[in-house]
Amino acid sequence: MSDTVIQVENLGKKYIIGHQQQERYTALRDVMANGAKSLGQRLLKPWGKRISNPAYEEFWALKDVSFEVKQGDRIGIIGRNGAGKSTLLKILSRITEPTTGRIRIKGRVASLLEVGTGFHPELTGRENIYLNGAILGMSKAEIKRKFDEIVDFAGIEKFLDTPVKRYSSGMYVRLAFAVAAHLEPEILIVDEVLAVGDAQFQKKCLGKMEEVGQEGRTVLFVSHNMVAISTLCTNAILLNQGRKTFAGTPDEVCKNYLENAGSASAQWSSSIVSDTSDNPTIYLKSVQVKDRVGCVRADFTNIEPIIIEVVVNINKLFPRLKIGLELESEWGIKVFTIFHNDLDRNSEWYKLGKGLYKFAVTIPACLLNSATYYVSPCAGEHQVKWLFKYEKLVKFNVNFQIFNTEFLVKKRPGVIAPILKWEVNNLSI
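Residues numbered from 1 in each chain as written. Predicted model: local features only at pLDDT ≥ 70, side-chain atom pairs only at ≥ 80, totals over all residues. Heavy atoms only, no water.

Below, the discussion takes up the overall build of the protein. A tally of helices and strands in the protein yields eight helices and 19 strands. Looking at the protein as a whole, 43% of its 429 residues are labelled buried. Of all intrachain contacts in the protein linking residues separated by at least 6 positions in sequence, the fraction that spans at least 24 positions is 71%. Of the roughly 24500 Å² of accessible surface on the protein, 52% is carried by carbon and sulfur atoms. (Helix = DSSP H or I, 4+ residues; strand = E, 2+ residues; numbered from the N terminus. Buried < 20%, exposed > 50% of the residue type's maximum accessible area, 1.4 Å probe, protein only. Contact = heavy atoms within 4.5 Å. Areas by Shrake-Rupley, 256 points an atom, 1.4 Å probe, with all protein chains shown as cover.)

This paragraph deals with the pattern of salt bridges. If you walk through the whole model with that rule in mind, you get 18 salt bridges. The residue Glu304 makes a salt bridge to Arg297 at a minimum N-O spacing of 2.9 Å. Across the pair Glu328 and Lys392 runs a salt bridge whose closest N-O atoms are separated by 3.6 Å. Separated by 64 residues along the polypeptide, Glu328 in strand E14 (residues 321-329) and Lys392 in the loop between strand E18 (385-389) and strand E19 (394-399) bring together distant segments of the chain. Each of Glu326, Glu328, Lys334, Lys389, Glu391 and Lys392 takes part in a single network of salt bridges with overlapping partners. (Salt bridge = Lys/Arg side-chain N within 4 Å of Asp/Glu carboxyl O.)

Bringing the nonpolar core into the picture now. Counting residues in each nonpolar core, the largest one holds 49 residues, and the members touching the most others are Ile78, Ile129, Leu175, Phe177, Met209 and Phe221. Not counting the four nearest positions on each side in its chain, Ile78 is found in contact with Lys85, Ser223, Met226, Ile229, Ile237, Leu238, Leu239, Val253, Cys254 and Tyr257. By size, the runner-up hydrophobic cluster in this structure holds 30 residues, among which are Phe318, Leu321, Phe359 and Phe396. (Core = buried A, V, L, I, M, F, W, Y, C linked by side-chain atoms within 4.5 Å.)

Our focus in this paragraph is a nonpolar patch on the surface. A contiguous nonpolar patch, built from Leu420, Trp422 and Val424 and spanning about 460 Å² of accessible area, is present on the exposed surface. Locating Trp422 in the fold gives a position in the segment after E19. Looking at Trp422, the relative accessible area reads 73%, which means it is exposed. (Patch = residues over 30% accessible without salt bridge, like charges linked within 9 Å, V, L, I, M, F, W, Y side chains within 5 Å.)

The four strands lie next to each other as E10-E11-E13-E16, forming an open sheet whose pairing is antiparallel. Two strands close off the open sheet at either side, each with one partner strand: strand E10 (267-269) and strand E16 (355-363). Within the sheet, the average angular offset between the axes of one strand and its neighbour, ignoring direction, is 20 degrees. Pairing of strand E11 (residues 282-290) with strand E13 (residues 306-314) involves eight bridges; the strand directions are antiparallel. The residue of E13 that forms the bridge with Ile282 is Ile314. (Pairing = 2+ DSSP bridges. Axes fitted to C-alpha atoms, helices over the stretch in contact; angles between N-to-C directions.)

So, on to the packing of aromatic side chains. The final tally for this structure, using the stated rule, is ten aromatic pairs. Between Trp268 and Tyr390 the ring centres are 5.7 Å apart and the planes differ by 40 degrees, which places this aromatic pair in the tilted class. Placement of the pair is Trp268 in strand E10 and Tyr390 in the loop between E18 and E19, with a sequence separation of 122 residues. In this structure an aromatic cluster arises from ring pairing among Phe119, Tyr167 and Tyr172. Directly above the ring of Trp60 sits Lys63, whose terminal nitrogen or CZ lies 3.8 Å from the centroid. Against the face of Phe318 rests Lys316, its NZ or CZ located 5.2 Å from the ring centre. (Phe/Tyr/Trp six-rings, centres within 6.5 Å; stacked < 30°, edge-to-face > 60°. Lys NZ or Arg CZ within 6 Å of the ring centre and 35° of its normal.)

Across the sheet, which stays open at both edges, the six strands sit in the order E5-E6-E7-E3-E8-E9 with mixed pairing between neighbours. The strands lining the two open edges of the sheet, one partner per strand, are strand E5 (109-112) and strand E9 (243-248). For this sheet, the mean inter-axis angle between neighbouring strands, taken without regard to orientation, is 15 degrees. With four bridges connecting them, E5 and strand E6 (residues 187-190) associate as parallel partners. Note that in E6 the partner of Ser111 across the bridge is Ile189.

What follows is the structure, given as structure tokens:
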């Protein structure tokens, strides 16, 4: 169709990776001996079956990936590290060639894949704006016309005539993004480099990408920030081990990604079963999510309390021990972090000696919004060090509903959705 700006058909990218077969160093005599051995085998059996070299292996970073992008779409690409996201963007940016398949792109492309790509470290920020702009396809007149906007967006006025080799990584990415964003491309491709910038600059970048999309131009955005994907993008693609496994709205894709991100359930237990001298000084034994009657459950409504139990084995006295947990929503937002002695005085922290302890905390009813939540238990010595922290070890779901109503409510805007008591007084009486 005429409004299709990117068409990807059966795209694949193969790399050959090497494996070191021996731990000791390889000397010149080893290279010569192996070469002689290989030559001898070929001379003795010139037509024999070739044996594949076990030191090398084929690795498909992408395999049979197909999709279409319409003009004005803002596409989020998500997946685990190593899923093939950056490889896909490099192929779309024509930095690397695909092994199989083909792509069709209509329009000028601007890419921001790595911090400082196209910058010369010895040149100043001013000179690199002209250099990088020219590399991206801007004319000198176009760069000159937009120069003040680029500098203002990057916020590097004081360091404009300083060599960029003295820039921090944050200054690098601000300048690189500013040049790419003001190219006015038909297609803007952005990798996770925005993670380098501070919160204020990230917000500015997301606003700029949204502005680009609203102007009818196309954005491809790779990020691990589920909130940014959900807010910025109109559609999303999930990659897993080089293959496209799911596509749809940002909410659908983010939910699918997080639900399959691990094997977490409503309970977890350690493989350590006995208290021996070989055990660590403190270890997590189990975590369970329960209802008010003590049953392990993974699904709750928001109008019932949720109890999280953490069992810890302590093999020595920790003077300032804190057992806690983090609660994170399906969008990657930290809802809260709590510790067992938040209400205790410092003098009471010495109570925990050796033994097996169960810590239980109740999340009150009418607090959480409709979402999937992940529990990350942790322990540490106050202001000294962390003793353990397990990311997203267990999870549970909350479905939103309101008392005495015939209306179905799926979710309210916001991180939490407290149901609070209101006082109403008629002041006209």
